[in-house]
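Descriptive analysis of the structure
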Amino acid sequence: MILPNVKDVVSIILTMKMMILCCVITVKSAGIMGLSQLDFEDLRGYAIMIKVLFICHGNICRSPMAQYVFEDMVKKQGMGYLFEIDSAATSREEIGNGVHHGTRRKLAEMGIPCGDHRARQVTKADYKFYDYLLIMDANNRRNLMRIIGSDPDNKVHGLLDFSRRPRDIADPWYTGNFDVTYEDIAEGCTDFLQHVMK
């Protein structure tokens, strides 16, 4: 399966905008009122989106941190509307629980908004829907594969697989070190975004 990259998506959107602009000019010159006020920002809902799901064990520490870090990152670069971003767990241990206070505290410290995400378990349907399923460590991969069965479209990757030094991201639930986890996640999100923009 060939996944769209950001440059291709932007090119498609610009082409769509130019086509609609021509239509608007034609309509306006014909004296039809109202359509000349078309706001191109309204077209964002029709963009081809890159769908990303971050996955960890419980979906209260690492994966929601990655979700909000990446959302903030693409939003600040003016590309938020090109992505659909969420997170999920491989286990059912924390289903329905909110984001861990350590993750919330670290995101607040970095000036990154944290929403009201509630832990949920990843499903086979998620594999079909998302373009990238980004796990935090080898255990996540094993547990994820038990749920989805296989990865025929090569959608499953470690978040830090895109970095210069691929490695697992430690679970701060056990280490208590949300600073190191944040640094690894920020590195992974930065390098992943560079990957999809190639």
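The structure under discussion appears in the preceding block.
Residues numbered from 1 in each chain as written. Predicted model: local features only at pLDDT ≥ 70, side-chain atom pairs only at ≥ 80, totals over all residues. Heavy atoms only, no water.

Here's the deal with the overall build of the protein
Quick reminder of the rule: Every helix listed is a DSSP run of H or I at least four residues long, and every strand listed is a run of E at least two residues long, numbered separately from the N terminus. Burial classification: accessible surface area is computed with a 1.4 Å probe over protein chains only, and a residue below 20% of its type maximum counts as buried, one above 50% as exposed, and the rest as partly exposed. In this description, contact between two residues means that some pair of their heavy atoms is separated by no more than 4.5 Å.
Each helix and strand counted, the protein has seven helices and four strands in total. Counting all 198 residues of the protein, 45% fall into the buried class. For the protein, long-range pairs separated by at least 24 residues make up 75% of all intrachain contacts whose partners lie at least 6 apart in sequence.

Some details on the packing of aromatic side chains
Centre distance and the angle of the planes are the two values used to describe a pair of aromatic rings. Threshold: The pairing test for Phe, Tyr and Trp rings, Trp by its six-membered ring, is centres within 6.5 Å, and the orientation test on the planes gives stacked under 30 degrees, edge-to-face over 60, and tilted for anything in between.
Considering all chains together, one arrives at six aromatic pairs under this definition. Measuring from ring centre to ring centre gives 5.3 Å for Phe70 and Phe83, while their planes differ by 90 degrees; the resulting arrangement is edge-to-face. Taken together, the residues span a long stretch of sequence, with Phe70 in helix 2 (residues 62-76) and Phe83 in strand 2 (residues 83-89) at a distance of 13 residues. Take Phe70: its relative accessible area is 0%, and that puts it in the buried class.

Focus on the environment of Arg62
The following threshold applies: Any pair of nitrogen or oxygen atoms within 3.5 Å is treated as a polar contact; in protein, a donor-acceptor pairing is required on top of that, and neighbouring residues in sequence qualify only through side-chain atoms on both sides.
Here Arg62 is to be found in helix 2. Here Arg62 falls in the buried class, since its relative accessible area comes to 1%. Placed 111 residues apart in sequence, Arg62 and Trp173 show a C-alpha to C-alpha distance of 8.9 Å. In this structure Arg62 touches Cys56, His57, Met136, Asp137, Asn140, Ile169, Ala170, Asp171, Pro172, Thr181 and Ile185, once residues within four positions along its chain are discounted. For Arg62, the side chain forms a polar contact with the main-chain oxygen of Ile169, separated by 2.7 Å.

Side note on the packing of helix 2 against helix 3 (residues 101-109)
The criterion, for reference: Axis definition: a line fitted to C-alpha atoms, over the contacting stretch in the case of helices. Angles run 0 to 180 degrees between N-to-C directions. Angle categories: roughly parallel below 35 degrees, roughly antiparallel above 145, roughly perpendicular from 65 to 115, and oblique for all the rest. What makes a crossing left-handed is the near helix being turned counterclockwise from the far one by less than a right angle; a clockwise turn instead makes it right-handed. Residues are grouped as follows: Ala, Val, Leu, Ile, Met, Phe, Trp, Tyr, Cys and Pro are nonpolar; Asp, Glu, Lys and Arg are charged; every other residue, Gly included, is polar.
Relative orientation of the contacting elements helix 2 and helix 3 amounts to 20 degrees, with a least axis distance of 10 Å. One finds that helix 2 runs roughly parallel with respect to helix 3. As helix 2 runs across helix 3, the sense of the crossing is right-handed. Along its contact with helix 2, which presents Met65, Tyr68 and Val69, the element helix 3 presents Thr103, Lys106 and Leu107. Of the residues belonging to the contact of helix 2 with helix 3, the class tally is four nonpolar, one polar and one charged.

A word on the side chain of Thr103
Mapped onto the elements of the fold, Thr103 is located in helix 3. Residues within four places of Thr103 in sequence aside, it is in contact with Ile60, Cys61, Met65 and Phe178.

What to know about the environment of Phe129
Counting through the fold element by element, Phe129 comes out in helix 4 (residues 124-129). Residues Phe129 and Val52, 77 residues apart in the sequence, show an inter-C-alpha distance of 9.3 Å. In this structure Phe129 touches Lys51 and Glu84, once residues within four positions along its chain are discounted.

Considerations on helix 2
This is how it is decided: By definition here, a helix of n residues has an expected span of 1.5 Å times n minus one.
A rise of 1.5 Å per residue sets the reference length of helix 2, with its 15 residues, at 21 Å; its end C-alpha atoms lie 21 Å apart and thus fit the reference within 8%. Within helix 2, 12 of the 15 residues are buried, leaving the element largely enclosed by the surrounding structure. For helix 2, the set of buried residues is Arg62, Ser63, Pro64, Met65, Ala66, Gln67, Tyr68, Val69, Phe70, Asp72, Met73 and Val74. Looking at the packing, one finds that the buried side of helix 2 touches strand 1 (50-56), strand 2, helix 3, helix 5 (138-148), helix 6 (172-175) and helix 7 (178-197).

Side note on unusual backbone geometry
If you check the backbone angles, Asn59 has positive phi at about 65 degrees while not being a glycine. Mapped onto the elements, Asn59 comes out in the loop between strand 1 and helix 2. On the basis of relative accessible area, Asn59 is assigned to the buried category, the value being 0%. Here Asn154, not a glycine, exhibits a phi torsion of approximately 55 degrees, which is positive. Tracing the chain through its elements places Asn154 in the loop between helix 5 and strand 4 (156-158).

Details of the sheet that holds strand 2
Inclusion rule: For two strands to pair, DSSP has to find at least two bridges joining them.
On the basis of which strands lie adjacent, the open sheet formed by four strands has the order 2-1-3-4 and parallel pairing. Because the sheet does not close on itself, it has two edges, and the strands there are strand 2 and strand 4. Between one strand axis and the next, the sheet turns by 25 degrees as a mean value, whatever way the strands run. Summarising the sheet, strand 1 and strand 3 (residues 132-135) pair through four bridges and their orientation is parallel. The residue of strand 3 that forms the bridge with Ile55 is Ile135. Helix-sheet contacts for helix 5 involve strand 1, strand 3 and strand 4, and the interaxial angle to strand 4 is about 170 degrees.

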